[in-house]
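# Coordinates in review
One letter stands for each residue in the lines below.
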Amino acid sequence: SPTFASRGFGYIGLTMYESIVNGYPSHKSLEGQLDGLKNLPKPDPLASYDWIISFNAAQASILKNIYVQTSDENKLRIDSLENVIYKQFSKSIDKKIVERSVNYGKAVASTIFEWSKTDGGHRGYLNNFDKKMVHPNRPGSWKPPLFAQSFSHHPLHPHWGENRTFDKKNRTLTLPKFIPYDTVPNSPYYQEFLQVYEKDLKLTKLEKEAAIWWGDDPDVTFTPPGHSFYIATLAIEQKRPPLIECAEVYAKTSIAVADAFIKCWEWKYHFFSERANTFIPKYIDEEWESFWPDPPFPAFPSGHAIQAAAAAAVLEDSFGKQFHFIDKAHEGRKRDDVRDTDFVSREFNSFWEAAQETADSRFYGGIHTPQDNNVGLEEGVKIAKNIIELNWTQTDQ
């Protein structure tokens, strides 16, 4: 699920950073800055370490721990990659340094993993749906859709918003404003859904391509947070910053996205708002179906928008507002015959362009109203700002 995936990336990115940060006097650990993160292992100041080897061991360890449910085949692939990198970088290094570096990386990963168990989302894939949950049944509340990605009578991860955020400041963000329910045609609420309906009637080829590109349905491809992690990778590959800055970018991006999903889910279940597939057939056109199927959870605010904005804000801070890149994530995928649309790579001149299109894609798909997306984008930036303002370097105050 996108919720559990965002959490996984959060701890993976943090482990990247913490497994090497003590080898770089320019940077600061996040110990004591993130909520409850303490007692991380410290390197021996009188001993030498190889930080690539430490990084490698830490990544292999956190991946297998966070994704303990994955197949034995996948675990062997992680082991194989770890071994290839280990052999490549340990050839000409003293064995004691190699052993010390491996042990340190694994110790950091182990400590972070133990901390992760206390956040409320540990092994969250075992509790995707709460069958005992009593659904709010007020006008405008979410109902299980007939046209859905994965049909369920219960919405996904209703308690995810109660999880611990990485940054305490993100826990205390205020509730966003929501347009009050109203079925009168000229009311702001009605107009939100009318815009969705009217857009669906005149979708262009380019809008359909955007709608399917950003679908990121976990049944067939990576999740929305995975897509953001991929875009961070594109930027890193293009700019080739030093290792510590690479780790900093991944940590900032993944932690911001993880916190964005926690806050988004907190607000989704506070408002428990309906989607267009229940409002439009009842009040506008009884035969209407969205271009893209509904995900199984409430609408407001948009998860795609909030996480894309969080990632874009971090990447803009790291690489600048103007940044040309081509998103080829789904290049080569088989045409979507159901929607008569091809997967066409996306070209952008900024990270924010990509975030805006991510949000817009859900409007084109007919599963989010403008307010879902606009609020998601606004709140995602706020969440990212708190992550950016942590003390990452010695010059930060």
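The notes below deal with the structure included here. Remember, predicted model here, so these are calculated numbers, not experimental data. (Residues numbered from 1 in each chain as written. Predicted model: local features only at pLDDT ≥ 70, side-chain atom pairs only at ≥ 80, totals over all residues. Heavy atoms only, no water.)

Where helix α8 (residues 224-239) contacts helix α9 (residues 243-271), the axes come no closer than 10 Å and their chain directions differ by 160°. With respect to their mutual orientation, α8 and α9 come out roughly antiparallel. As α8 runs across α9, the sense of the crossing is right-handed. Residues P225, S228, F229, A232, T233 and I236 of α8 pack against C246, V249, Y250, T253, S254, V257 and F261 of α9. Across the contact of α8 with α9, the residue classes tally to 9 nonpolar, 4 polar and no charged. (Axes fitted to C-alpha atoms, helices over the stretch in contact; angles between N-to-C directions. Helix = DSSP H or I, 4+ residues; strand = E, 2+ residues; numbered from the N terminus. Parallel < 35°, antiparallel > 145°, perpendicular 65-115°, else oblique. Left-handed = near helix turned anticlockwise from the far one by under 90°. Contact = heavy atoms within 4.5 Å. Nonpolar A, V, L, I, M, F, W, Y, C, P; charged D, E, K, R; others polar.)

So, about the pattern of salt bridges. Summed over all chains, the structure comprises 18 salt bridges. Of the charged contacts, one joins K252 and E248 as a salt bridge, the two residues approaching to 2.8 Å between their closest N and O atoms. Taken together, the positions of K252 and E248, both in helix α9 and 4 residues apart, correspond to about one turn of that helix. Each member of the pair, K252 as well as E248, carries the same accessibility label: buried. Across the salt bridge formed by K385 and E389, the nearest N and O atoms sit 2.5 Å from each other. One network of salt bridges, in which partners are shared, links R335, D337, D340 and D342. (Salt bridge = Lys/Arg side-chain N within 4 Å of Asp/Glu carboxyl O. Buried < 20%, exposed > 50% of the residue type's maximum accessible area, 1.4 Å probe, protein only.)

This next bit is on the packing of aromatic side chains. Geometrically, a pair of aromatic rings is defined through the distance of the ring centres and the angle of the planes. Evaluated as defined, the whole model comprises 34 aromatic pairs. On the basis of an interplanar angle of 85° and a centroid distance of 5.6 Å, the ring pair of Y11 and W115 is categorised as edge-to-face. Of the two residues, Y11 is situated in helix α1 (residues 2-18) and W115 in helix α4 (residues 95-116); the sequence distance between them amounts to 104 residues. Of the two residues, Y11 and W115, both sit in the buried class. Each ring, one from F279 and one from Y283, has its centre 4.9 Å from the other, and the planes form 40°; the classification is tilted. Residue F279 and its partner Y283 are both found in helix α10 (residues 276-283); the two are separated by 4 residues, about one turn of the helix. R100 extends its terminal NZ or CZ atom over the ring of Y49, reaching a point 5.8 Å from the ring centre. Over the ring of W265 we find K268, and its NZ or CZ is 5.3 Å from the ring centre. (Phe/Tyr/Trp six-rings, centres within 6.5 Å; stacked < 30°, edge-to-face > 60°. Lys NZ or Arg CZ within 6 Å of the ring centre and 35° of its normal.)

Attention now moves to α8. For α8, spanning 16 residues, the distance from its first C-alpha to its last is 23 Å, which sits close to the expected 22 Å at 1.5 Å a residue. Residues of α8 that are buried: P224, P225, G226, H227, S228, F229, I231, A232, L234, A235 and I236. R240 sits one or two positions beyond α8 and adopts a positive phi of about 50°. (Expected span 1.5 Å × (residues − 1).)

Let's shift gears to the environment of P158. Examined against the element boundaries, P158 turns out to sit in the loop between α4 and α5 (168-171). Spatially, the C-alpha atom of P158 lies 8.2 Å from that of F297, the residues being 139 residues apart in sequence. Ignoring sequence-local partners within four residues, the contact set of P158 consists of N128, D130, M133 and Y269.

For the rest of this paragraph, the subject is the nonpolar core. Core analysis: the largest hydrophobic core is formed by 105 residues, its most contacted members being L14, L30, L34 and F351. The element contributing the most residues to this core is α9, with 18 residues. If we ignore the near neighbours within four places in the chain, the residues touching F351 are I231, A235, A312, L315, E316, F319, G320, F323 and F325. (Core = buried A, V, L, I, M, F, W, Y, C linked by side-chain atoms within 4.5 Å.)

Before going further, it helps to examine helix α7 (residues 205-213). Of all the positions in α7, only E207, E209, A210, A211, I212 and W213 are classed as buried. Buried residues along α7 sit in contact with α6 (188-201), α8, β1 (325-327), β2 (346-348) and α12 (351-364).

Before going further, it helps to examine unusual backbone geometry. Here F300 and P301 are connected by a cis peptide whose omega angle stands at -10°. As for its position among the elements, P301 is in the loop between α10 and α11 (303-319). Positive phi, close to 60°, is recorded for N39, a residue that is not glycine. Relative to the helices and strands, N39 resides in the loop between α1 and α2 (51-66). Assessed through its relative accessible area of 60%, N39 is described here as exposed. Unusually for a residue other than glycine, R240 sits at a positive phi of about 50°.

We now examine the packing of α12 against helix α13 (residues 370-388). Remark: α12 packs on α13, axes separated minimally by 9 Å, with the N-to-C direction vectors making an angle of 150°. Taken together, the axis directions place α12 and α13 in an arrangement best described as roughly antiparallel. Relative to α13, α12 is oriented so that their crossing is right-handed. Here α12 contributes W352, A355, Q356, A359, R362 and F363 to the contact with α13, which in turn contributes P370, N373, L377 and V381. Among the residues forming the contact of α12 with α13, the class breakdown is 7 nonpolar, 2 polar and 1 charged.

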